[in-house]
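The lines below spell out each chain.
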Amino acid sequence: MNIRLLAKRNIQGNAQRYLAYFFSIVLSVSIFFIYASFIFHPEVVHANIPGGQLISKGLIAAEIVIIIFSVFFIAYSNAAFIQPRKKEFGLLTLLGMSKSQLRKLIYLEQTMVSLISILIGVGLGFLFSKLFLMAVSWLLAVEQPISFVIVPEAFVYTIVGFILLFQLLSLLSLFHIGNAEVVDLLKDKQKPKKTPFVSKWLVALSAVCLSISYYLAGTMSLNNSYRVLPIVFFVLIGTYFLFSQSIVALCSRLYRKKKSLYGGTNLITQTNLIFNIKDYSRLFFLTSIITAVILTAAGTLFMFSADLKKQGMDNIPQSIGWVENDASVYSVIEPSAVEKTLKEDGFKILYEVNMTGVPITHMLPHMRTGESSENRSLLISESDYNNTAALRKIEPAKLSGKEALYIFPYGGLDYQFVHKGEQKELHFGNRTIQVTMIGQRNQSIVAPIKAATTLMVVDDQLYHEITADVPLKEMARVRGYEVKDWEESMETSSEIEQMSNNPNHNQLQTRAPIYQEMKQGSILILFIGLFVSLLFFIVQGSMMYLRVFTNLEDKKIQIHALHRLGLTKKEIRQILSAEIRILFFAPFLIGVIHAIVAYVALSNLLESNLFVYSAMVIASYFLFQLLYYQVTKKMYERAVINSIK
C-alpha cells in the first residue's frame, strides 16, 4: 500500500459523494471548451462570420462568469469533502502518517478527480462543439455553415486554465487540515452542537435591507437604472442575515410550541433542523442567490426575446417611415414607389401616414444636469395627432386655446421634460408663441427621426394661425406605411432603402431589418445564457447533493438508533424527505421572491406586463428543481435505509 493507491481507493470508496461534484465540473469544462472553440475559431478571429465578433464578446463574458463561479464551487466542495473525513485523517495520523504525507494524500485525491474531470469535460466539449457551431450558423443565418476545425487555443486555455485553478484551490484547502492536531481531528464530530445564537438587531437589519432592495427594484425605471448595484448589495446583506438569523429565530419559535413537536415525526425533524440550521445557513444563502440569479437572468433573456415584437412596434411606429425636410417635394423617396414595391411583393397596406408640421425650437432641461438647453421638435395639429393615434390605438389628445402636449418617443424613459401648467415659448423663424403645457407623453405616433424625433401638439385653430403664412418648403412632411406581416418584409424593406435617396441613413426607417437584427441577437444571447443558467442550476443542485451526502455516515448512525427505538421505515422516510425538502425548497422560495421583484423592475423598464412570461420561467425551473429533489431523495433514502439491519 502506498499513498497513490490509498488516494485511488479513497476516491472509489467516496464515489457516491463525488458524483454530483464530478458531473458539475465536467459540465463546466465542456461549456468552457465549446465557447473557447468559437472564440478562437479562425473564421471568427478573421471576422469572416457576420455578427461573430459580437457573439465572441458575449462568450468571453460567459467564460469569465464560468471561471468565477467555478472558483466558489470548487472551494466550497473541497471544504465539504474534507470536513466529514477529519476523523479518518486523525486515525491515519495516529497510525503514523506525517502531516506532509496527509497533505499529499488529499492533494493526490483532488488532483486525480480534477484531471479526470478535465479530460472527460474537454472530450465531451470537443464532441458537442460541432453541434454548437451548427446551431450558431443556423441562428446567424449564414450562407455557409461555420466549418468544424480543431482549435488548439481552446485545448490550451481550457486544460491549462482549469488545472491551474484546481491546483491553486487544492493547495489552499490543505492549510486548514494540515495545521490541525490529531485530537481535534478525532473529536471533530463529537463536539456537541449548541443552540444557534439569534440577534434581534440582525433580524431587523435583514428585514430593513430586503425592504429597501424590494422598494428600489419595484420603483426602478430606465432613468434610475443605476440602482442595480445598491439593490444587489442590500439583497446580499438581507438574504445572508435572513438565513443566519431570521430563519433561526423562526425555527426557535416553532420549537417552543410543544404541541406541534409531539405530532408524528415533528420532534426529530424540527430538532435536527434547529441544530443544523447554522450549518445550513451558508448553503441556503448561496443557493437562494444562485436561484435568484438563474431565474432573473434566464427570465430577463426569455422575456426580452418574447416581448421583442411589441418593443419593435412601440419604438418604430410604422413598418416604413421617413421625413421630408422640404414638404413641397419628395426628395427621399416617392410614396408611389413605396406602394408599388409593397404591392408587388404581396404586402397589404393597413394604413398610411401623411402629415406636415413646422420645425420649432424650445428650451428643455438636460436629463443629467437639469440645465436648460435649446431643443428641436415638430409642431403638428391636434387632428393630425389624433388621427394617427387612433390608428395605433393610442388615447387622443384634448387641447384648447394655447395649450400644447409634448411627445417624447421612448417609452422606457420616464423623465419629465415638461410639467403640467408650465409656460413655454415656441420659436419658429422670427416668431415666438407662448403656450401652456398640459403634460408629456412618452410614446411616438410617427417615425422618430430628424425633425420628427419629438413632437409638439397644439390645438387645430392655433396650428392654422401659426402656419397660415408658412410655405410648404419651410415645413417638414412625415410619411409612413404600416403593412400586414411586416416581420416578413426584410427583402422588401432592403429594396425600398436602396431605392431611397438617403445617403446618411437618417431620414428613412424600416422596422423589419431592425427587428430581425435585434431578434437574431436576442436569440443568440438567450442561447448562450441558457447554457450558463443550466450550469448554475447543476452546480446549485450539486451543492445540495454534497450537503446531503456529506453527513451520510452520521445520519446512518442516528437512523439506526431511532429504528432500534421503534421507528418504522415509513416514518424514517418521512424524516429524511422532510429534511431534504427543506434543503431544496427553502432557498428556492426566497430565490423566487427575489426574482419576482426583479421581474417587476423589468416590467417597469419595458413598460409591459410580463406576468405570463415570468410564471412560465418560474414553473419550468420548479419542475427541474422538483426532478433534482426526487432523484436526490431516492438515492439518499436508499443509502440510509439499506444500512438498517
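Here, the structure is the one placed above.
A few points on the structure.

Cut-offs applied
- Throughout, residues of each chain are indexed from 1 in the direction in which the sequence is written.
- With pLDDT at 70 or above as the cut-off, local features in this predicted model cover only qualifying residues; side-chain atom pairs require 80 or more to be listed or tallied, and sums for whole chains, interfaces and linings still use all residues.
- To obtain the side-chain values, all non-hydrogen atoms of the structure were used and water was disregarded.
- With a 1 Å grid spanning the protein atoms alone, the term cavity applies to any set of points in which a 1.4 Å probe fits but cannot get out, the term pocket to an open set with protein on both sides within 12 Å along at least five of seven lines, and the term lining residue to any residue with an atom within 4 Å of a point.
- Grid points are joined across faces, edges and corners, and a volume is the space filled by probe spheres set on the points.
- By definition, any uninterrupted DSSP run of H or I lasting at least four residues is a helix, any uninterrupted run of E lasting at least two residues is a strand, and each is numbered from the N terminus.
- Three classes are used: nonpolar for Ala, Val, Leu, Ile, Met, Phe, Trp, Tyr, Cys and Pro, charged for Asp, Glu, Lys and Arg, and polar for all others, with Gly counted as polar.
- For every residue, the accessible area obtained with a 1.4 Å probe (protein chains only) is divided by the maximum for its type, and the residue is called buried under 20%, exposed over 50%, and partly exposed between those limits.
- Taking the helix axis as origin, the arc is that swept by the directions to the C-beta atoms.
- The set of buried Ala, Val, Leu, Ile, Met, Phe, Trp, Tyr and Cys residues whose side-chain atoms join them within 4.5 Å is what this entry labels a nonpolar core.
- For this analysis, residues touch if any pair of their heavy atoms sits within 4.5 Å.
- Any carboxyl oxygen of Asp or Glu that lies within 4 Å of a side-chain nitrogen of Lys or Arg is treated as forming a salt bridge with it.
- Counting of polar contacts relies on pairs of N or O atoms within 3.5 Å, with two restrictions inside protein: one atom must be capable of donating a hydrogen and the other of accepting it, and residues adjacent in sequence are counted only when both atoms are side-chain atoms.
- Residues enter patches when they are more than 30% accessible in relative terms and free of salt bridges; like-charged ones are connected within 9 Å and nonpolar ones (Val, Leu, Ile, Met, Phe, Trp, Tyr) within 5 Å.
- Values of accessible area rely on a 1.4 Å probe in the Shrake-Rupley scheme; residue burial ignores everything except the protein chains shown.
- Note on geometry: axes are C-alpha line fits, over the in-contact stretch for helices, and angles between N-to-C directions span 0 to 180 degrees.
- Oblique is the label for every angle not falling under 35 degrees (roughly parallel), over 145 degrees (roughly antiparallel), or within 65 to 115 degrees (roughly perpendicular).
- Each crossing gets its hand from how the near helix is turned against the far one by less than a right angle, where anticlockwise is left-handed and clockwise is right-handed.
- Strand pairing is defined by DSSP finding a minimum of two bridges between the two strands.

### Remarks on the layout of surface pockets
And step 1. The calculated volume of the second largest pocket comes to roughly 650 Å³.
And step 2. Forming the boundary of the second largest pocket are 22 residues, of which V228, I231, V232, T296 and A598 lie nearest the centre.
And step 3. Of all the secondary-structure elements, those providing two or more residues to the lining of the second largest pocket are α9 (200–218), α10 (228–256), α12 (266–306) and α20 (569–606).
And step 4. Residue classes in the lining of the second largest pocket are distributed as 17 nonpolar, 5 polar and no charged.

### Re helix α13 (residues 308–315)
And step 1. Buried within α13 we find L308, Q311 and G312. The buried residues of α13 occupy one face: seen down the axis, they fall within an arc of 100°.

### With respect to the nonpolar core
And step 1. Of all hydrophobic cores here, the largest spans 104 residues; its most connected members are Y21, Y35, F38, L59, L295 and Y636.
And step 2. Among the elements that make up this core, the one with the highest residue count is α20 (15 residues).
And step 3. Setting aside its immediate chain neighbours within four residues, Y636 contacts V548, F549, L552, K555, L576 and I580.

### Examining the pattern of salt bridges
Should the charged atoms of two oppositely charged side chains come close, the side chains can pair.
And step 1. Scanning all chains against the criterion turns up 4 salt bridges.
And step 2. R431 is the partner of D469 in a salt bridge, and the nearest nitrogen-oxygen pair spans 3.6 Å. With D469 in the loop between α16 (460–467) and β8 (476–483) and R431 in strand β6 (residues 431–441), this residue pair connects regions lying 38 residues apart in the sequence.

### Quick word on the side chain of T510
And step 1. Structurally, the position occupied by T510 is in strand β9 (residues 508–510).
And step 2. Given the relative accessible area of 2%, T510 is considered buried.
And step 3. A polar side-chain atom of T510 sits 2.4 Å from a polar atom in the side chain of E497.
And step 4. Discounting residues that sit within four places of it in the chain, T510 has contacts with S319, I320, S493 and E497.

### Some remarks on a nonpolar patch on the surface
And step 1. Taken together, I116, I120, L124, L127, F128, L131 and M134 make up a surface patch of nonpolar side chains, about 660 Å² in accessible area.
And step 2. Mapped onto the fold, I120 is located in helix α6 (residues 99–140).

### Digging into helix α14 (residues 335–344)
And step 1. For α14, every residue scored as buried is listed here: P335, V338, T341 and L342. The buried residues of α14 all sit within an arc of 130° when viewed along its axis, so they share a single face. In α14, those exposed residues whose orientation departs by more than 90 degrees from the buried face are S336, K340, K343 and E344.
And step 2. For α14, the secondary structure elements touched by its buried residues are β1 (320–324), β2 (349–365), β8 and α17 (490–499).

### So, the packing of helix α19 (residues 552–565) against helix α21 (residues 611–641)
And step 1. Direction vectors running N to C along α19 and α21 enclose 55°, while the axes themselves pass 9 Å from each other. Comparing the axis directions of α19 and α21 gives the class oblique. You can see that α19 and α21 cross each other, and the crossing is right-handed. For the pair α19 and α21, contact is made by L552, K555, K556 and I559 and by Y636, A639 and V640, respectively.

### As for the packing of α13 against helix α18 (residues 511–550)
And step 1. At a minimum axis distance of 10 Å, the contact between α13 and α18 shows a crossing angle of 145°. Crossing of α13 against α18: the hand is right-handed. Together, L308, K309, G312 and M313 of α13 and R511, Y515, M518, K519 and S522 of α18 make up the contact between the two elements.
And step 2. Of the residues that constitute the contact of α13 with α18, the class distribution is 4 nonpolar, 2 polar and 3 charged.

### With respect to unusual backbone geometry
And step 1. Positive phi is not limited to glycine here, since K393 has a value of about 60°.
And step 2. Taking the relative accessible area as the measure of exposure, K393 reaches 79% and is therefore exposed.
And step 3. Although it is not a glycine, K450 adopts a positive phi angle of roughly 50°.
And step 4. If you trace the backbone, K450 turns up in the loop between β6 and β7 (455–458).
And step 5. The class of K450 is partly exposed, set by a relative accessible area of 40%.

### Details of the environment of Q423
And step 1. Mapped onto the elements, Q423 comes out in strand β5 (residues 423–428).
And step 2. Residue class for Q423 comes out partly exposed when judged on its relative accessible area of 45%.
And step 3. Q423 sits 12 residues away from V435 along the chain, and the two C-alpha atoms are 5.8 Å apart.
And step 4. Residues within four places of Q423 in sequence aside, it is in contact with Q434, V435 and T436.
And step 5. Here T436 takes part through its side chain, which lies 2.9 Å from a polar atom of the side chain of Q423.

### Description of the pairing of β6
And step 1. Sheet topology note: the strand β4 (residues 403–407)/β6 ladder contains 5 bridges and is parallel. Across the sheet, residue L405 finds its bridge partner in β6, namely G439.
And step 2. Relative to β6, β5 runs antiparallel, the two sharing 6 bridges. Each residue of the ladder has a partner; that of K424, found in β6, is V435.
And step 3. What sits between β5 and β6 in their antiparallel hairpin is a turn of 2 residues, with G429 showing a positive phi close to 60°.

On their own, these measurements won't tell you what the molecule is for.
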